[in-house]
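A look at the structure
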Amino acid sequence: MTETSSKTLTLYNTLTRHKDVFQPIDPDRVTMYVCGPTVYNHAHIGNARPAVIFDMLARVLRHLYPNVVYARNITDIEDKIIEIAAQEGVEISVITERYAEIYRTDMGALGVALPDIEPKATETIPEMIAMMERLIAAGHAYEAEGHVLFNVPSFPDYGQLSRRPMDEMVAGARVEVAPYKKDPADFVLWKPSSDEQPGWDSPWGRGRPGWHIECSAMIEKHLGDTIDIHGGGIDLQFPHHENELAQSRCSHEGAPFANYWLHNGYLNMNSVKMSKSLGNVLLVHDLIDQAPGEAIRLALLNGHYRQPLEWNDDVLPQAKAQLDRLYGALRQLEDVEPAAGDHVPGAFLDALLDDLNTPKALAELFQLAKLANQAKDGQEQAKLKAALVQSGLLIGLLQQDANQWFEGADGSSDLDADAIEAQIEARNAARAAKDFAEADRIRDALADAGVLIEDGPEGTKWKLAG
RNA sequence: GGCCACGUGGCGGAGUGGUUACGCAGCGGAUUGCAAAUCCGUGUACCCCAGUUCGAUUCUGGGCGUGGCCUCCA
């Protein structure tokens, strides 16, 4: 069963604009950083996409390397946070801790494991200040009216990641340029805080960090000057990632920042980008009340991570039906002990290793389900069960008990399991007595209560209606 | 205006220079007391127009359409 695989991971690298073979700096310590949430409100389903994608990549990396350090930050100082905290009349930590916890819970429902490190901006202020001092000393940053600004022209490679020529950007700039900027493209590293605003003492007075510096400082502190993989949504490519890259390289004497840059595509709501300003957002917090988290995860993995992903009312029920099929295969094997050893099919692994081609990997998973449904031989069944569960683990699916999936812990029926079993027993008694009218009456009554019956050679099973 | 993606059957969505990916839904059959589940089978799908080619959905050019980015939205 164990087929050979190339075992070579290739990833599309935004820096080079093509698929590159992944070669870690240190195979014994693979480092990945992903931009996490700014915690002032609930995450929407588009926000969940990178969380799920890079959770999966971490799983794949762990399958290949003994030690993976995955860091995903929490941005807990930002002007919107300050605004909302002021509205509620509380410290910003009240807001940020509230929404950080909701974020962890919501993502957890989608099978997203906590990262190894979850650094917070407010816990990295000294490192940011040290980095800015180095940037100033090296002539890449300067102080102006209580601000510290990064001087873009001081870094000739600026624009390399997003492929934007600087002159064009400045020409197309549609924002008023602050008078204290030496160059219109310069961006803020540090800005002064008023007495009411949260702030930290610094060589430039009491203030707070700009957006980009935190990621650079957190990466340096926890992962090192040069990391293997940096991930995030495509919308962060510019300016956020471009600026991060500039700061980090300039404060590390030009050393490479991240060897592989990965960007996931947008999630579209009825063909239009889901965004707060358009008001077409679906919150993960609400979705997990409407569908199993695992179905939401599968819906996000149904498309390739770099492509735009369509989200509409059909997507979630379809994902749930797909899981019904996969778990259906597993339920048929509920009494089969999975075979020991590695049974991840080579074709499945190769699909993931080819720039995380989840649609192709899922096709392999359905092939396994079909084979499992056909299999009669016990050994074959054991291997197929192992293959399904182990493959599922790599993408964060199929880890719950099959009966639990169908019988659901979320309770969309008024009846409890004991009552259902009693009804099934009564119905089977009627069937044995050839009283099919009574048997069908019981089945219809259960169906009305949201419970569907399936008779099989080994007895009657049931599931909650989706 | 500049730059960049994308356009595959009812829906989602891979992929390939020439043999219907896959899943959901639909249809036919097997099975079933009837169902469900399962199995088998099933759909003139690749935006338009040129070009390259023996052959293009796949390459090139043009067009149309949709969407995105252009200083703090994953």
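Everything below is about the structure printed above this text.
Residues numbered from 1 in each chain as written. Chains lettered and ligands numbered in written order. Predicted model: local features only at pLDDT ≥ 70, side-chain atom pairs only at ≥ 80, totals over all residues. Heavy atoms only, no water.

**A few points about the pairing of strand 6 (residues 147-150)**
Note the cut-off: The buried label goes to any residue with under 20% of its type's maximum accessible area, the exposed label to any with over 50%, and the partly exposed label to all in between, with areas taken from a 1.4 Å probe on protein chains only. Going along the chain from the N terminus, every DSSP run of H or I of four or more residues is numbered as a helix, and every run of E of two or more is numbered as a strand. Pairing between strands is defined by DSSP: at least two bridges between them are needed.
What you see with strand 6 is no split at all: H147 and L149 on one side and V148 and F150 on the other are buried throughout. Here four bridges tie strand 5 (residues 141-144) to strand 6, and the two strands are oriented antiparallel to one another. Following the sheet pairing, A144 is matched in strand 6 by H147. Connecting the antiparallel pair strand 5 and strand 6 is a turn made up of two residues, with E145 showing a positive phi of about 50°. Where strand 6 lies against strand 7 (residues 187-192), three bridges are found, and the strand directions are antiparallel. The partner of F150 across the bridge, within strand 7, is F187.

**Some thoughts on the sheet that holds strand 7**
As a reminder of what qualifies: Axis lines are fitted through C-alpha atoms, for helices just across the contact stretch, and the angle between N-to-C directions can take any value from 0 to 180 degrees.
Taken in spatial order, the four strands make up an open sheet running 5-6-7-8, and their pairing is antiparallel. Each of the sheet's edge strands pairs with one partner strand only, and the pair in question is strand 5 and strand 8 (207-209). Taken over all neighbouring pairs, the strand axes of this sheet differ in orientation by 20° on average, direction set aside.

**Digging into the pattern of salt bridges**
Rule in force here: Salt bridges, as used here, are contacts in which a Lys or Arg side-chain nitrogen is within 4 Å of a carboxyl oxygen on Asp or Glu.
Evaluation of the coordinates by the stated rule reveals 23 salt bridges. For R208, the salt bridge goes to D79, with nearest N and O atoms at 2.9 Å. Of this pair, R208 sits in strand 8 while D79 sits in helix 2 (residues 79-88), and the two are 129 residues apart along the sequence. Its relative accessible area of 5% is what places R208 among the buried residues. For R441, the salt bridge goes to E438, with nearest N and O atoms at 3.1 Å. Of the two residues, R441 and E438 are both situated in helix 16 (residues 436-448); the distance of three residues between them amounts to about one turn of the helix.

Note that every value here comes from positions in space, so none of it alone points to a role or purpose.
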